[in-house]
Amino acid sequence: MSKIRSVIVVVLLWCLASTLFVSAQTRKQWQNSPDIERRVDALLKQMSQAEKVGQLNQYSYGTPTGPATGRSAVEDSIRRGEVGSFLNVTDPALSNRLQRLAMEESRLKIPLIFGLDVIHGYRTIFPVPLALSSTWDAGLVERVSRIAAEEATSAGIRWTFSPMVDIARDPRWGRIVEGAGEDPYLGSIMARAYVRGYQGETFGGPTSMAACAKHYVAYGGAEAGRDYNSVETSERQLREVYLPPFKAAVDEGVATLMSSFNTINGVPATGNEFTLNQVLRREWNFRGFVVSDWGSVGEMMAHGVANDLPTAARKGFLAGVDMDMESNAYFRHIADAVKAGQVPQAAVDEAVRRILRVKIALGLFEKPYVDEKTAITTLPAANVAAAREAAEKSFVLLKNDAASGGGPVLPIRPGVRTVALIGPLADSRADMLGTWSAQGKQDDVVTLRAALEARAKRDGFRLLYAKGTEIRGTSDSGFAEAADAAAQADVVLLALGEDQSWMTGEGASRAFIDLPGNQQQLLERVAAAGKPTALVLFSGRPLALTPVVPRVNAILEAWSPGVQAGPALERVLFGEAAPVGRLTVTFPRSLGQVPIYHSVLNTGRPPIGLDLTRPPTNGGEKYRSRYVDEQNTPLYPFGFGLSYTSFDYSATQSNVQQISAADLNAGRGQVRVTADVKNTGQRAGEEVVQLYIGLRGTSVARPVRELKAFQRVALGPGESRRVEFTIGRNELAIWQRDTTYTVEPAELTIWVAANAGSGTPITISLK
Ligand code: NOJ
């Protein structure tokens, strides 16, 4: 009987896998469609050189999202066919007006494509991407990006500059908020989910929007976490850490990529023949087009690899950047470079082909205009509900201790009489939206204060509110009122954190990653009241929370939760929804530990028994890879997150003790790993069960642990579930310094665990 059941399961899994594969293939059909290629051929035959080069230009029209360049006579340029795309046009009437110039007054009637940074919602603003990744829920991310695409396309935006799939391990970097965190495996899963959501089932459907995987590549490796800074990385790190999420996006059929601002080992990513032409085009067979980042072609002069704009244009173009965003370099210089024999005509034709391929496949030629009447202006109720759900699932409970004489502070118990809500983030609509809020409106935001006021009325408790200080405040004039509110309360909620527009996102790196302004002092003053106190933390990055942790009973990381911040928080704080998020970035104890992430190498001298209260002994602790004044371990590891219940893991089991590496390389054999996970608490909850591996005895040093799989399980009180994973070639193969990946004979360690810092490993021999 059980044999029959396993056969059925295998068949079902096979069907599911082949459906996924088939649908990824179907979604990519436009990339190799003879019909589309014929249409491109026909157009190319008619195009003048000026019209060809015209397609390679993108200009901003509207609120600039980079250093303002200023341009006039745009309309005549469109008439002459000298513009391929605009970004930042958000008014449907304006986009129709510009499109009419292209469709009615230009010779060849090639439609413009309008792009925008639709990063975590268009009109309905969802949690920021780092928060969305904390859901570990690809289905949810796909739904969120589908909704964003439906809303944005209703306003004529057919191209989003999302997803940002940069792996980031330095919380100083302001843009860590825009990605899915530190891990390439999770990052790849999320990359695929965004692409599926934006581009939809059929690329070219009315609500389908071209996605753009950015910033290609290694932008997240900015030295010292300073935005736009140089990146030094090995090819191994490039191949195993930075490239995989881009590869995943390409495999999922992403239509475009954006080249990044940074240099990679001295070569600007925007003029990088290796990453663009070699890896992306030749190795991965990418069929869409690459747009530069804002001005990044021209910035090759500042990098010092081009002394003038013509050289920068040539370098960017020959390396494989098809469209120039806002450098005015291609427009001015590519035709001359062809004349001078420096750029082959075939390269121009090929770049134009890639752009036209996307425009045709998107259906822009048939449907260039947006219906101004149906452009979204108010928030659809279903989208608001989705925004609340996404926010609820993105919160990460970092601490939840008992206050003296009671149980855990969260969830707040029914019957509470007085709640004090204190802090500059409690009622700040702007900060709930987060960076890149597209057409989001502050008026749509429900803050924590507004949600709690409504609840206080409903439930009949007293809500005391005190702002306490400003986000970057220096004055303590509001402290007394805050302390007074705390003194009167049964429970204190502190709403503290970062200024979302100023301190997170692009050009927003921080050299200090603690609570800004005098919020730490406010926290200490409020905590002195000795009441059960929970911190709701709004941040776009991991903060160094060491001074915070001992002062409060509970910490809920809420990121920038979007328009439904208040209702989502209120439901989690009062226990109608459970916290289910898990960290996708490591939280350091102190700034001195960064960059910090879970998949580190062991070093030749890993630390032993760190006791920081006395000098290290020479025999044991001294000559070790350690700090004399800080632990090596993080404050909260990757994958960490508490819930309102507790989970127990049984020992990890596997179906084999030994397996042949040669078999795995030949695609034969898999390791089946199981563990029983039990909800040992009183409430229902969800756990993200994570599988990590480590390899020893390999040709190169491997990370101590790498995430290779995860599953989310929902368990009622007392319920137990056997969680099963299979790992094989994909999970175990190592990059071999060329373009191949091989499973090497090694000792394989596997953890099925709640986070990167826990679990009991088992060992298997890869012979
Ligand atoms: C610069 C940013 O780096 C990029 O992410 C964004 O898409 C472009 N500007 C366009 O706004």
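Residues numbered from 1 in each chain as written. Predicted model: local features only at pLDDT ≥ 70, side-chain atom pairs only at ≥ 80, totals over all residues. Heavy atoms only, no water.

(A) Representation of the overall build of the protein chain. What the protein chain contains, in helices and strands, is 24 helices and 27 strands. Expected size for 767 residues packed as a compact globule is a radius of gyration near 27 Å; at 27 Å, the protein chain falls within 12% of this value. In terms of overall dimensions, the protein chain has a C-alpha envelope of 80 × 65 × 60 Å along the principal axes. Looking at the protein chain as a whole, 59% of its 767 residues qualify as buried. Here the protein chain has roughly 29100 Å² of accessible surface; of this, 51% comes from carbon and sulfur atoms. (Helix = DSSP H or I, 4+ residues; strand = E, 2+ residues; numbered from the N terminus. Rg over C-alpha atoms; globule rule 2.2 N^0.38 Å. Buried < 20%, exposed > 50% of the residue type's maximum accessible area, 1.4 Å probe, protein only. Areas by Shrake-Rupley, 256 points an atom, 1.4 Å probe, with all protein chains shown as cover.)

(B) Structural view of the pattern of salt bridges. Summed over all chains, the structure comprises 61 salt bridges. Two residues, Glu350 and Arg354, come together in a salt bridge whose shortest N-O distance is 3.6 Å. Pair noted here: Glu350 and Arg354 are both in helix α15 (residues 345-361), with a separation of four residues, about one helical turn. The exposure class of Glu350 is partly exposed, given its relative accessible area of 30%. For the salt bridge of Glu719 with Arg721, the shortest nitrogen-to-oxygen distance reads 3.2 Å. Using a relative accessible area of 34% as the deciding quantity, one classes Glu719 as partly exposed. (Salt bridge = Lys/Arg side-chain N within 4 Å of Asp/Glu carboxyl O.)

(C) Representation of the site of the ligand within the structure. Inspection of the region around the ligand gives 14 residues, with Thr65, Asp117, Arg175, His215 and Asp293 positioned closest. Contacts to the ligand include Thr65, whose side-chain N or O atom sits 2.6 Å from an oxygen atom. The separation between an oxygen atom of the ligand and a polar side-chain atom of Arg175 is 2.6 Å. The fraction of the free accessible surface of the ligand (290 Å²) that becomes covered by protein chains is 100%. For the shell around the ligand, the residue count by class is seven nonpolar, two polar and five charged. (Near = heavy atom within 4 Å. Polar contact = N/O pair within 3.5 Å; in protein donor to acceptor, adjacent residues only side chain to side chain. Nonpolar A, V, L, I, M, F, W, Y, C, P; charged D, E, K, R; others polar.)

Treat this as a map of the structure, not an account of what it does.
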